[in-house]
Amino acid sequence: MKSLSLLLASLLVTGAVQAQAPATGEKLPGVKVRVKGVEVEEQQTPMLQASNVKMKRWNPKNWIEIDVEFDIKLPESAGGRKGTYGGMTMNLYVVLQHMTKESPPKREVLTGTLELLDIPADEPCHALAYISPATLKSIFQKDFVTASSDIQGWGVEFIAEGQVVATKSSIPMKSGKPWWEENKDAFAMMPNMVLNKMQTPFAAVFGDYDVPVRVK
């Protein structure tokens, strides 16, 4: 297994993409997924106005937004270029610039799962996910968090019909397995910390820029 120092150095390498092949004898899902890009950046809490309520004064805080761009292809039997795929799972892994206090220390990773719905074929699609300011402050013990200084890496995984159909990561996958499986002992996974848009104040913004998600 890589030393922790070598593993952290590899976090700076971007763009490694690999779709995992199914086990021998397993049937591939009909959908094909291509992950085109992932952007991780700050997004301030939206300031929305509503009528018939007494407004309250507050200061917007920094959220971390993960914007995954992808597209899908379907066979003609499923509608082809005019088809829509009913639903698939997207798992997200966000590596923090923060270590646990145990010995030896582990790199902390926030994770989350989005259930994507009604995905149109042959057109650019986006999935949006967020890390809340409260979660970030509880970890970093500071009010102002930025993607450039506090996020070290990420990984995204699409699952359709129980099979991994596409992955993309900012960390190279040299052994055929993604880093969140290959190097489990080097990371401390923190589940359910990455939220879908409907769990955040961003639920009412961006229109149909992103595909629908199942409300949890």
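These numbers were taken from a predicted model, which means no experiment stands behind them.

## A look at the overall build of the chain
Turning to step 1, where the next piece is worked out: Looking only at helices and strands, the chain has 4 helices and 10 strands in total.
Turning to step 2, where the next piece is worked out: Counted from the first residue to the last, the chain has its helices and strands arranged as α-β-β-β-β-β-β-α-α-β-β-α-β-β.
Turning to step 3, where the next piece is worked out: For the chain, the proportion of its 216 residues judged to be buried stands at 46%.
Turning to step 4, where the next piece is worked out: Of the contacts formed within the chain by residues at least 6 apart in sequence, a portion of 75% connects residues at least 24 apart.
Turning to step 5, where the next piece is worked out: Summed over all atoms, the accessible surface of the chain reaches about 12,000 Å², with 52% contributed by carbon and sulfur.

## A look at the packing of aromatic side chains
Turning to step 1, where the next piece is worked out: For the structure on display, the rule yields 9 aromatic pairs.
Turning to step 2, where the next piece is worked out: Arranged with centres 4.9 Å apart and planes meeting at 50°, the rings of Trp179 and Phe187 form a pair that is tilted.
Turning to step 3, where the next piece is worked out: Using a relative accessible area of 4% as the deciding quantity, one classes Phe187 as buried.
Turning to step 4, where the next piece is worked out: By the ring-pair criterion, three or more aromatic residues cluster together here, those being Trp63, Tyr130, Phe202 and Phe206.

## Concerning the side chain of Thr45
Turning to step 1, where the next piece is worked out: Summarising the element assignment, Thr45 is placed in the loop between strand 2 (32-44) and strand 3 (62-73).
Turning to step 2, where the next piece is worked out: With relative accessibility at 14%, the residue Thr45 sits in the buried group.

## Details of the nonpolar core
Turning to step 1, where the next piece is worked out: By size, the foremost hydrophobic cluster in this structure holds 40 residues, and its most contacted members are Ile66, Phe70, Ile72, Met88, Leu116 and Phe158.
Turning to step 2, where the next piece is worked out: If you list the elements that add at least two residues to this core, you get strand 2, strand 3, strand 4 (84-99), strand 5 (107-120), strand 6 (125-131), helix 2 (133-140), strand 7 (151-160) and strand 8 (163-169).
Turning to step 3, where the next piece is worked out: Excluding residues that lie within four positions of it along the chain, Met88 makes contacts with Val31, Val33, Ile72, Leu114, Glu115, Leu116, Ile119, Phe158, Ile159 and Ala160.
Turning to step 4, where the next piece is worked out: Counting 8 residues, the second-largest nonpolar core is a separate cluster that includes Val109, Trp179, Trp180 and Phe187.

## Some details on the sheet that holds strand 2
Turning to step 1, where the next piece is worked out: The strand order across the open sheet built from 4 strands is 2-3-6-10, with neighbouring strands paired in antiparallel fashion. In the strand order of this sheet, the two ends are held by strand 2 and strand 10 (195-196), each with one partner.
Turning to step 2, where the next piece is worked out: Here strand 3 runs beside strand 6; their pairing, made up of 7 bridges, is antiparallel. The residue of strand 6 that forms the bridge with Glu65 is Tyr130.
Turning to step 3, where the next piece is worked out: Running at roughly 120° to strand 3, helix 2 makes contact with strand 3 and strand 6 of the sheet.

## Comments concerning the pattern of salt bridges
Turning to step 1, where the next piece is worked out: In this structure the tally under the stated criterion is 7 salt bridges.
Turning to step 2, where the next piece is worked out: In this structure, Asp122 and Lys73 form a salt bridge, with 2.8 Å as the shortest nitrogen-oxygen distance. Residue Asp122 is located in the loop between strand 5 and strand 6, and its partner Lys73 is located in strand 3; the two are separated by 49 residues in the primary sequence.
Turning to step 3, where the next piece is worked out: Of the charged contacts in the structure, one is a salt bridge between Lys142 and Asp150, with a shortest N-O distance of 3.0 Å.
Turning to step 4, where the next piece is worked out: Take Lys142: its relative accessible area is 32%, and that puts it in the partly exposed class.
Turning to step 5, where the next piece is worked out: A relative accessible area of 3% places Asp150 in the buried class.
Turning to step 6, where the next piece is worked out: Three or more residues joined by partner-sharing salt bridges are found here, namely Lys73, Arg81 and Asp122.

## Focus: the environment of Ser170
Turning to step 1, where the next piece is worked out: Relative to the elements of secondary structure, Ser170 occurs in the loop between strand 8 and helix 4 (179-182).
Turning to step 2, where the next piece is worked out: It is 9.8 Å that separates the C-alpha atoms of Ser170 and Val95, two residues lying 75 residues apart in sequence.

## Re the environment of Glu115
Turning to step 1, where the next piece is worked out: Structurally, Glu115 is set in strand 5.
Turning to step 2, where the next piece is worked out: Residues Glu115 and Asn91 lie 24 residues apart in sequence; the distance between their C-alpha atoms is 8.8 Å.
Turning to step 3, where the next piece is worked out: Non-local contacts of Glu115, meaning those with residues more than four positions away in its chain, are made with Met88, Thr89, Pro212, Val213 and Arg214.
Turning to step 4, where the next piece is worked out: Looking at Glu115, its side chain comes within polar contact range of the side chain of Thr89, at 3.0 Å.

## Describing helix 2
Turning to step 1, where the next piece is worked out: Three or more residues of helix 2 are buried, namely Pro133, Thr135, Leu136, Ile139 and Phe140. The buried side chains of helix 2 occupy one side of the element, clustering within an arc of 160° when seen end-on.
Turning to step 2, where the next piece is worked out: Against the buried residues of helix 2 lie strand 3, strand 4, strand 5, strand 6, helix 3 (147-150) and strand 9 (187-190).
Turning to step 3, where the next piece is worked out: Two residues or fewer after helix 2 comes Gln141, characterised by a positive phi angle close to 60°.

How each quantity is defined
Residues numbered from 1 in each chain as written. Predicted model: local features only at pLDDT ≥ 70, side-chain atom pairs only at ≥ 80, totals over all residues. Heavy atoms only, no water. Helix = DSSP H or I, 4+ residues; strand = E, 2+ residues; numbered from the N terminus. Buried < 20%, exposed > 50% of the residue type's maximum accessible area, 1.4 Å probe, protein only. Contact = heavy atoms within 4.5 Å. Areas by Shrake-Rupley, 256 points an atom, 1.4 Å probe, with all protein chains shown as cover. Phe/Tyr/Trp six-rings, centres within 6.5 Å; stacked < 30°, edge-to-face > 60°. Core = buried A, V, L, I, M, F, W, Y, C linked by side-chain atoms within 4.5 Å. Pairing = 2+ DSSP bridges. Axes fitted to C-alpha atoms, helices over the stretch in contact; angles between N-to-C directions. Salt bridge = Lys/Arg side-chain N within 4 Å of Asp/Glu carboxyl O. Polar contact = N/O pair within 3.5 Å; in protein donor to acceptor, adjacent residues only side chain to side chain. Arc of directions from axis to C-beta.

On their own, these measurements won't tell you what the molecule is for.
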